[in-house]
4 protein chains.
Amino acid sequence: MTTTTMAMLDAYPADTVLDKQLLTRIISTCGECAQASTACADADMGEKMAADLVKCAQLNLDCADMCETTARVLTRQTGYDYDMIRAVVQACAQACHISAAECDRHAHMHEHCKVCAEVCHRCENVCNDVLAKLRHADGT
Amino acid sequence: MTTTTMAMLDAYPADTVLDKQLLTRIISTCGECAQASTACADADMGEKMAADLVKCAQLNLDCADMCETTARVLTRQTGYDYDMIRAVVQACAQACHISAAECDRHAHMHEHCKVCAEVCHRCENVCNDVLAKLRHADGT
Amino acid sequence: MTTTTMAMLDAYPADTVLDKQLLTRIISTCGECAQASTACADADMGEKMAADLVKCAQLNLDCADMCETTARVLTRQTGYDYDMIRAVVQACAQACHISAAECDRHAHMHEHCKVCAEVCHRCENVCNDVLAKLRHADGT
Amino acid sequence: MTTTTMAMLDAYPADTVLDKQLLTRIISTCGECAQASTACADADMGEKMAADLVKCAQLNLDCADMCETTARVLTRQTGYDYDMIRAVVQACAQACHISAAECDRHAHMHEHCKVCAEVCHRCENVCNDVLAKLRHADGT
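Computed from a prediction, not measured in an experiment: that's the story for all the values here. (Residues numbered from 1 in each chain as written. Chains lettered and ligands numbered in written order. Predicted model: local features only at pLDDT ≥ 70, side-chain atom pairs only at ≥ 80, totals over all residues.)

Trainee: When you look at the overall build of chain A in this model, what are you seeing that I'm missing?
Mentor: Looking only at helices and strands, one finds 5 helices and 0 strands in chain A. Across chain A, helices and strands are ordered from the amino to the carboxyl terminus as α-α-α-α-α. Expected size for 140 residues packed as a compact globule is a radius of gyration near 14 Å; at 16 Å, chain A falls within 12% of this value. In terms of overall dimensions, chain A has C-alpha extents of about 50 × 30 × 20 Å along its principal axes. Going through the 140 residues of chain A one by one, you find that 64% of them count as buried. At a minimum sequence separation of 6, the contacts of chain A that also span at least 24 residues come to 69%. (Helix = DSSP H or I, 4+ residues; strand = E, 2+ residues; numbered from the N terminus. Rg over C-alpha atoms; globule rule 2.2 N^0.38 Å. Buried ≥ 20, exposed ≤ 12 C-beta atoms within 10 Å, placed from the backbone. Contact = placed C-beta atoms within 7 Å.)

Rendered as structure tokens:
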């Protein structure tokens, strides 16, 4: 996916607002995190102790939705609006943070929570890298 | 849709964290705004002067994605997390604000932008009502 | 939502391929069904007997995703493609049918499954009305 | 993304219905195709000749929505339903086919259409591989 994302950015008919490496990283990590979170919610429901993992599953679903929205918003170069990107990426960082914290609590018992938590932490970090860049870009 | 949303909240097996009237209002308005924004982006592309409306269409698409995510997150009562809701609703209010401002610029020429702007403004307001309630609810 | 959907179709800068009443009906019913299905999956997880409702919740989530995609595809008038609409609406009718059948099994015990099943059946019917119209429209 | 998708399938608490290699392939290709299609629709709008690419952009958006839904439905192992998967994957194959055909028409002029068409063709092929496997699996 990373290769295709980069190829599409290279084929974009104008300059991109953010650095292409960073854009590729946030778009592909959000896609990865959305998929892992959907899978973790599903694995939670497949466990014998599903009832104990209901909160984890629900926060994973929230995180998956927020990551997909973020990947789409960052993919759209035409009509880029700093305030739009900042608002969406902030919410995504927060969603990944909350979902990771819940998965961390079950990581010692469930490998799927461990893998999902790792991806969520990584996605939160990329979001924060983008937010730092945006602060730099518009001088705020 | 409002009637079904309320019926589903009434059938929820526990108390809801937010008032059901307010929840119904934000969920159904986000759904309405997502649909109107998708339609406005499409109508922009169907205009002879599509090239002038590209930015409007793109911000509408961002807004549609953010509203759908918000409707889903607010629909999920199980495992409610104040920080998750707050982050998502803040981003949604901002997305609606930005999309409405762009549609307002074309509202005198395009009825679809006028209708869409009205829904976006209304959705921003409901998001702000929910944010006010959340501040009250957790004493911050 | 229905009023806004119709207003947006009226503001569309060209003729719509399908009748506006029917378009409004499928778009708003898909939106309603997506929301009810998301809510039912959540209510399933909120029940004490959540473990028995896991399959229901998962099929509801599939149905919600399929209905949202269908609402978006039908909303886009520009570049309408009969084969695209037909494929998506057929899958949506099937997803609603399967999700309704599962909810029906729990409708006597859970009001949320009863409400959700009713909406899914209604959505399947609208999809079938659209498919019938499409067969008529292109003479197949 | 492929590595994480496979790790999540390995961590799933039961057997998967389809072969894990094939599942990983369809889930990650649908994610890749959804992203490339969102990017192509955006690049179309960023071109000076945007007005000529409106149909392409709209079919790309349909394809992106259908691919995201398919990735989510295939990710959910709990409560797997053959008819649900078959319906969704068939619609996805068709959406990719239509979107690829439109992008192919512009591939000689626009690199983003060329890259996107290649991914859409690949995604259609994986969908067809899964459909063939499903026919074998349930003996129809």
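Trainee: Got a minute to help me understand the interface of chain A and chain D in this structure?
Mentor: How big an interface is tends to be stated in terms of the accessible area lost upon association of its parts. Every contact between the two is made by 34 residues of chain A and, on the other side, 34 residues of chain D. The element contributing the most residues to the side of chain A that touches chain D is helix H2 (residues 20–46) of chain A, with 13 residues. Along the lines of polarity and charge, the residues of the side of chain A that touches chain D split into 16 nonpolar, 11 polar and 7 charged. (Nonpolar A, V, L, I, M, F, W, Y, C, P; charged D, E, K, R; others polar.)

Trainee: In this structure, what is going on with the relation of the copies chain B and chain D? I would like to understand it.
Mentor: In summary, the two copies of the chain are related to each other by a rotation about an axis coupled with a shift along it. Mapping chain B onto chain D calls for a screw motion: a turn of 180° about the axis and a shift of 0.0 Å along it, with 0.0 Å RMSD after fitting. Between the two chains, the operation in question is that of a two-fold axis. Measuring from the rotation axis to each C-alpha of chain B, the shortest distance belongs to Ala51(B), at 3.1 Å. Of the residues that chain B buries at the interface, 100% are likewise interface residues in chain D, meaning the two copies contact each other through the same surface. (Least-squares fit on C-alpha atoms with pLDDT ≥ 70 in both.)

Trainee: Before we go on, may I ask you to explain the interface of chain B and chain D in this structure?
Mentor: Facing the 6 residues of chain B at the interface are 6 residues of chain D. Element by element, the count of residues in the side of chain B that touches chain D is highest for helix H3 (residues 54–75) of chain B, at 3 residues. Looking at the side of chain B that touches chain D, its residues break down into 5 nonpolar, 1 polar and no charged.

Trainee: Would you explain H2(A) in this entry?
Mentor: Given 3.6 residues to a turn, an α-helix orients residues that are three or four positions apart in the same direction. In this model H2(A) runs 39 Å from its N-terminal to its C-terminal C-alpha over 27 residues, within 8% of the 39 Å that 1.5 Å per residue would give. Extensive coverage of H2(A) is indicated by the burial of 23 of its 27 residues. (Expected span 1.5 Å × (residues − 1).)

Trainee: What is the right way to read the environment of Arg25(A) from this model?
Mentor: By the secondary structure assignment, Arg25(A) is in helix H2. For the pair formed by Arg25(A) and Val126(A), sequence separation is 101 residues and the distance between their alpha carbons is 7.2 Å.

Trainee: Before we go on, may I ask you to explain the packing of helix H3 (residues 54–75) of chain C against helix H4 (residues 82–106) of chain C in this structure?
Mentor: When two helices pack together, their arrangement is captured by the angle between the axes and the distance separating the axes. Residue and element names in this part refer to chain C. As a packed pair, H3 and H4 sit with axes 9 Å apart at the nearest point and diverge in direction by 150°. Taken together, the axes of H3 and H4 lie roughly antiparallel to each other. Crossing angle aside, the handedness with which H3 passes H4 is left-handed. When grouped by side-chain class, the residues that make up the contact of H3 with H4 number 17 nonpolar, 5 polar and 3 charged. (Axes fitted to C-alpha atoms, helices over the stretch in contact; angles between N-to-C directions. Parallel < 35°, antiparallel > 145°, perpendicular 65-115°, else oblique. Left-handed = near helix turned anticlockwise from the far one by under 90°.)

Trainee: Looking at this model, I keep getting lost on the confidence of the model for chain A. Mind explaining?
Mentor: When pLDDT is low, close inspection of the predicted coordinates is not appropriate. Averaged over every residue, the pLDDT of chain A is 95; the share at 70 or more is 98%. Listed scores for the predicted complex are pTM 0.97 and ipTM 0.95. (pLDDT = per-residue confidence, 0-100.)

Trainee: Explain the environment of Val119(C) to me, please; I cannot follow it from the model alone.
Mentor: The residue Val119(C) is located in helix H5 (residues 111–137) in this model. With 28 C-beta atoms counted inside 10 Å, the residue Val119(C) sits in the buried group. Along the primary structure Val119(C) and Ala137(C) are separated by 18 residues, whereas in three dimensions their C-alpha atoms are 27 Å apart. In contact with Val119(C), not counting residues within four places along its chain, are Thr4(B), Glu32(C), Cys33(C) and Ala36(C).

Trainee: Can you help me understand helix H4 (residues 82–106) of chain B in this one?
Mentor: For H4(B), with 25 residues, the first-to-last C-alpha span of 37 Å sits near the 36 Å given by 1.5 Å per residue. The element H4(B) is extensively covered by neighbouring structure, given that 18 of its 25 residues are classed as buried.

Trainee: I'm lost on the packing of helix H2 (residues 20–46) of chain B against H3(B) in this one. Help?
Mentor: All names here are of chain B. Their axes nearest at 8 Å, the elements H2 and H3 cross at an angle of 155°. For the element pair H2 / H3, the angle class is roughly antiparallel. For the element pair H2 and H3, the recorded crossing hand is left-handed. Residue classes in the contact of H2 with H3 are distributed as 17 nonpolar, 6 polar and 2 charged.

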